[in-house]
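Survey of secondary and tertiary structure
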Amino acid sequence: MMNYGIKNIPALLLISSACLWISANEIDVPDLETRIISSGGTVSDAALPGLKSPAPAGLPDPGPDESSAPEIVIEVLPEPETVLAEIDSSVQDEPRRISNNITGQAVLGIGGLETIFSDFSLRINQEKDSSPDTDRVALLPEIGIDFVFGTDDGYGTKKSGAGYFDRRLFIDAFMRDKTPAGDWFAAVGFSGLSDGFQGKNADYFSISHHYAFWDAGFTIPVIKPELFSLTGRLNGNVFSSFPERAGNEVSGDPGPAYPIERYNGYYFSPDFLFLFVMNGFSAGIFAQYGFETVDGSGEIHAGSGGLQLGYSSEYITSIADVAFFADSSDGILVPFSISLGYTNETFVLRDVYLRGGLSSDRISYYSVAVKEPFALYNDESVYAADWNAAGGFTLVPVAGLAIGIQAEFRTTAANRGILAVSDVLDDSCMLPVLRVERSSLRTDAEIGWTGSFFSAAVSYSGEWLDRVYRKTLHWLDAEISVYDRGQNQRWKAGILASFALDSNEIPILSLEGSFKPIPNFMLKISANDWIPRIIGEERKRNGIFTEQYASIILSGTVWF
């Protein structure tokens, strides 16, 4: 249970997906944040400071942080939020009727003159009857547009214009379609992040990170369509990082005492999967290539190919894979994985899983900067390798009560370390990014209750081995909510809190309440992280840079 505020919109980017998830019948377009990290690499918890962000307004959990680049997981994807109807092969040439289905969401929030955020999403579907005598339908391409913007100037007691600010902009658009001949999707997007130097560097006012991506893919039946399919995908991105001067340059200005160099580069990656599926058994042959180049640093090539076998029944899923992987920086690796999972939605033991192997993860500098904007870019991405083992289970002893426990061990393999952000500023007031080897044992536990008008949850997360520049390794989170019993849940109120268990970090406490005067409109107010303001201190990220705290946010959401 992690909580995020306006300052931490980019934390939503941490939904990791460095491998291609595909099936014989479906190909899904990930959301904006997933696609950015899919193209930019993943980053482990150990790479970044452990201080949690001020807790506010119930935004989604970012999900796991690590995934394996050369692994291709063969399993059926969940349908997207706007469910595509099944395609009927007997579509007539002259449909009887075409209708447009437009849905979306718009959010606007304010926390004073210098704190504004907005979120707009739009989905357009066109449906057509296949014939006058049947109600089966086929879909023309679905179109989606997403826009997120947030700006915050003046953290806590700091005044606006003093360098304590951040700006976030995310835009993406996609098209996708399912036809009897196959499925396809295409997407493009842009993100821009800017953070003020908070007066630590007199020569620069802020640091900015820009990132543009493209992503396209297809799945087509081949040979015997009911058994074989071919999936292809091409994704890539262009990225840059640069400092901004305070606007006081004059003729003869000698320039910064400690210059921060501009960082530019691009990455692209094609991959393919040939898949066989029959009676729950699946076998796939996959290949993937990646190329990245950075101005003034060089380029890196990476490629992998391998085999994956899987079996899935009503309750049991098992997958094993092995690949030959090599990159031009660290050489050859043979990653592999074995996993076994059990799921039963009607039994007390709802699910249990075990997995392990040798993984290879692409970690980009952009993915590090998403969490720590003052991380200093200085090289190409790295392909880290870990011996790993993980397991977990979920229990539902009675209706409404859920208990979940999981653990994961990872240790650096073949001298392929991760990227980690230092906790000491260099002369330019940036945080150097180092490649380090580490061992990690992470445990998580949560117990939650959901009733007709009340819910509560308590969770723990902890790292038991290497600290890797993090100030806090163990956290205890709690959340309590009360809400309307009605089907439309017209009102809701809640308290969210996070406590550091192994450091003196100030507890994070937030209150929020929402009200729906009509079904398609909601008002929400939240008071976020006021304890530092009350005791006369500041919220610091890993003890270095100030983060937003002591804010009151009013927002409105419209669904259409």
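Values in this document were obtained by computation on a predicted structure and should not be read as measured data.

Once that is clear, we can look at the overall build of the protein. For the protein, the helix and strand inventory stands at three helices and 29 strands. In the protein, which comprises 560 residues, the share counted as buried stands at 50%. Taking contacts inside the protein between residues at least 6 apart in sequence as the whole, the part at least 24 apart equals 63%. For the protein, the exposed area adds up to about 25000 Å²; of that, 61% sits on carbon and sulfur atoms.

So, about the sheet that holds strand 20 (residues 431–436). Ordered by their spatial adjacency, three strands build an open sheet running 16-20-19, and the pairing between neighbours is mixed. The open sheet has two free edges, formed respectively by strand 16 (375–376) and strand 19 (418–421), since each of these has just one partner strand. Sheet analysis places strand 19 next to strand 20, joined by four bridges and oriented antiparallel. Bridge pairing in strand 20 places Ala-420 opposite Leu-434.

Turning to the packing of aromatic side chains, a few remarks are in order. For the coordinates displayed, the defined rule picks out 19 aromatic pairs. Ring geometry for Phe-197 and Phe-374: centres 5.2 Å apart, planes at 50°, overall tilted. You can see Phe-197 sitting in the loop between strand 6 (182–196) and strand 7 (206–222) and its partner Phe-374 sitting in the loop between helix 2 (365–371) and strand 16, a full 177 residues away along the chain. Both residues of the pair, Phe-197 and Phe-374, count as buried. Cluster of aromatic residues (ring-pair linked, three or more members): Phe-197, Tyr-204, Phe-374 and Phe-545. Here Lys-200 stacks its cationic end above the ring of Phe-545, 5.5 Å away from the centre of that ring. Positioned above the aromatic ring of Tyr-267, the side-chain terminus of Arg-362 is 3.6 Å from the ring centre.

This part takes up the pairing of strand 23 (residues 474–483). Across nine bridges, the pairing between strand 22 (residues 454–463) and strand 23 is antiparallel. Bridge assignment links Ala-457 to a residue of strand 23, and that residue is Glu-479. Summarising the sheet, strand 23 and strand 24 (residues 491–500) pair through nine bridges and their orientation is antiparallel. Its bridge partner being in strand 24, Leu-476 is matched across the sheet by Phe-499.

Turning our eyes to something else, we now look at unusual backbone geometry. Notably, Gln-198 is not glycine yet its phi reads approximately 60°, a positive angle. Residue placement: Gln-198 occurs in the loop between strand 6 and strand 7. According to the relative accessible area criterion, Gln-198 is buried, its value standing at 8%. In the Ramachandran plot, Tyr-469 falls in the positive-phi region, its phi being about 70° despite a non-glycine side chain. Counting through the fold element by element, Tyr-469 comes out in the loop between strand 22 and strand 23. Judged by its relative accessible area of 28%, Tyr-469 falls in the partly exposed class.

Attention now goes to the nonpolar core. Counting 44 residues, the largest nonpolar core has Phe-197, Ile-363 and Leu-419 as the members making the most contacts within it. Elements with a contribution of two residues or more to this core: strand 7, strand 9 (263–278), strand 11 (298–312), strand 15 (349–363), helix 2, strand 17 (382–395), strand 19 and strand 20. Considering every element that reaches this core, the biggest residue donor is helix 2, with five residues.

Let's shift gears to the confidence of the model for the protein. Looking at the protein as a whole, the pLDDT averages 82, with 78% of positions reaching at least 70. Confidence drops under pLDDT 50 across residues 1–99; counting only partners more than four residues distant or on other chains, this segment forms 327 contacts. Contacts for the low-pLDDT stretch residues 132–136, under 50 throughout, to residues beyond four places or in other chains number five contacts.

The rules behind these values
- Residues numbered from 1 in each chain as written.
- Predicted model: local features only at pLDDT ≥ 70, side-chain atom pairs only at ≥ 80, totals over all residues.
- Heavy atoms only, no water.
- Helix = DSSP H or I, 4+ residues; strand = E, 2+ residues; numbered from the N terminus.
- Buried < 20%, exposed > 50% of the residue type's maximum accessible area, 1.4 Å probe, protein only.
- Contact = heavy atoms within 4.5 Å.
- Areas by Shrake-Rupley, 256 points an atom, 1.4 Å probe, with all protein chains shown as cover.
- Pairing = 2+ DSSP bridges.
- Phe/Tyr/Trp six-rings, centres within 6.5 Å; stacked < 30°, edge-to-face > 60°.
- Lys NZ or Arg CZ within 6 Å of the ring centre and 35° of its normal.
- Core = buried A, V, L, I, M, F, W, Y, C linked by side-chain atoms within 4.5 Å.
- pLDDT = per-residue confidence, 0-100.

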